[in-house]
Amino acid sequence: MLLNLLLLSLLPLASPFLLPPPPPSLPTALRALVDPLLSVPFPASLPLWSAEVTEGNMFRPAGTYLCASSPSHSVAALNPQTLAFVPGGGLGFVLEEVASSASAGITCVSELVPGSPAAATGIEPGDCLTSISCGGRAVSLEALGYDATIEALTGLIGGLSAPAELTVTASRLQRTPMVNVTLLSPFDPPQTLSMPAGSNLRRTLLVRGFKLNDALAERFDSGGTGDCGAEGTCATCAVSVQRGMELLSPAGLQEQQIFQNNPRWRMACKVVVGHGGKEGELVVRLSPRQS
Ligand code: FES
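A quick note: this is a predicted structure, and the numbers were derived from the prediction, not measured.

**Student:** Could you give an account of the pairing of strand β16 (residues 280–286), naming the residues involved and the relevant values?
**Tutor:** Where strand β10 (residues 178–184) meets β16, six bridges bridge the pair, whose relative direction is parallel. Bridged to V179 within β16 is G280. In this structure, strand β13 (residues 238–243) lies alongside β16, joined through four bridges in antiparallel fashion. Bridge assignment links V241 to a residue of β16, and that residue is V284.

What follows is the structure, encoded as structure tokens:
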């Protein structure tokens, strides 16, 4: 009875199964802005949800949080949505449990009841509710199974006897914007890599086994055989951008001064590829002094 008060209709539970292993990458924890062009349509989004247990950090306290099950997707937070709740009515979210374990779960919106308060929000099928608040009280719905979600909802609004304004937050799964990076090298044939937007160019190349240590670089540090450790002074990580400069983070003053005679050169250690979530094609020449 209480359930009917809260939710106009609820799908039967999907078969519970164990949570998939948490993804290895950090970017899912640092949520990006929602981009409609990157959204994954429902129901294709459902198997891409996961949850991870994290220790507390400067961004959020310790707990279990929704994330994407692969680095090619990420979780973005929607702006808070307001709903007008009327006792006796329902919110209008049809919920479906995607996964559950003893301590966590994933419950998604699978449908919005037409004409309901939920239908007037920007929340869509495939999104996961993450919190709901009313009158200064808030409860987290993050990474909860179906039963725990219902329990949290009823605990907050089950006793309301007068119309109230609720604020709901939700997360959306979206594709990670990618940049195709073609590397031209004086020593090797051209290669093309796919990098998630937001990647540091030097770090990503080093992880993938590419060397960035141009022995002919005009250095602005004390010199030696190594590099400056990404301090932006040795210039051994210089690359010449042949195409896609607009996809890179802007050059800082120091970088501009060092490369004032080579405006297409960038320090890979200072470059963020896909700056601002941009996608596209990038062509860079490695070790440009040797090309
Ligand atoms: S590693 Fe030294 S300037 Fe990039």
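And the narrative resumes.
**Student:** Describe unusual backbone geometry, and please don't skip the residues or the numbers.
**Tutor:** The omega angle of the peptide bond from F42 to P43 is 10 degrees, so this bond is cis rather than trans. Here P43 shows up in the loop between α1 (2–6) and β1 (49–54). The backbone phi angle of A235 is positive, close to 60 degrees, even though this residue is not glycine. Counting through the fold element by element, A235 comes out in the loop between α3 (201–207) and β13. The backbone of S287 shows a phi angle near 45 degrees, a positive value even though the residue is not glycine. In this fold, S287 is placed in the segment after β16.

**Student:** Describe in detail the pattern of salt bridges, supporting the description with residues and values.
**Tutor:** Between side chains of opposite charge, a pair can form as their charged atoms come close. By the definition in use, this model includes seven salt bridges. The shortest N-O distance in the salt bridge between E218 and R289 comes to 3.5 Å. Placement of the pair is E218 in the loop between α3 and β13 and R289 in the segment after β16, with a sequence separation of 71 residues. Taking the relative accessible area as the measure of exposure, R289 reaches 35% and is therefore partly exposed. E255 is the partner of R266 in a salt bridge, and the nearest nitrogen-oxygen pair spans 2.6 Å. Of the two residues, R266 sits in strand β14 (residues 265–267) while E255 sits in helix α4 (residues 253–258), which places them 11 residues apart along the sequence. An identical accessibility class is assigned to R266 and E255; each is buried.

**Student:** A description of the confidence of the model for the protein should follow, citing residues and the corresponding values.
**Tutor:** Averaged over every residue, the pLDDT of the protein is 86; residues scoring 70 or more account for 88%. Low pLDDT, under 50, characterises residues 1–32; the predicted model gives this stretch 91 contacts beyond four residues in sequence or across chains.

**Student:** I'd like a rundown of the nonpolar core, residues and numbers included.
**Tutor:** If you look at the biggest cluster of nonpolar residues, it comprises 27 residues, and the most contacted ones within it are V181, L183, L201, L205, V273, L282 and V284. Going through the elements one at a time, β10, β11 (191–196), α3, β13, β14 and β16 are the ones with two or more residues in this core. Sequence-distant contacts of L201, defined by excluding residues within four places in its chain, comprise M195, V239, A268, V271 and V273. L112, V139, L156 and V168 belong to the second largest nonpolar core, which has 25 residues in total.

**Student:** Explain the sheet that holds β13 to me, and be specific about the residues and the numbers.
**Tutor:** An order of β11-β10-β16-β13-β14 is seen for the five strands of this open sheet, with the pairing classed as mixed. Of all strands in the sheet, those with a lone pairing partner are β11 and β14, marking the two edges. If you compare each strand with its neighbour and ignore which way they point, the axes differ by 35 degrees on average.

Each value, and the rule that gives it
Residues numbered from 1 in each chain as written. Predicted model: local features only at pLDDT ≥ 70, side-chain atom pairs only at ≥ 80, totals over all residues. Heavy atoms only, no water. Pairing = 2+ DSSP bridges. Helix = DSSP H or I, 4+ residues; strand = E, 2+ residues; numbered from the N terminus. Salt bridge = Lys/Arg side-chain N within 4 Å of Asp/Glu carboxyl O. Buried < 20%, exposed > 50% of the residue type's maximum accessible area, 1.4 Å probe, protein only. pLDDT = per-residue confidence, 0-100. Contact = heavy atoms within 4.5 Å. Core = buried A, V, L, I, M, F, W, Y, C linked by side-chain atoms within 4.5 Å. Axes fitted to C-alpha atoms, helices over the stretch in contact; angles between N-to-C directions.

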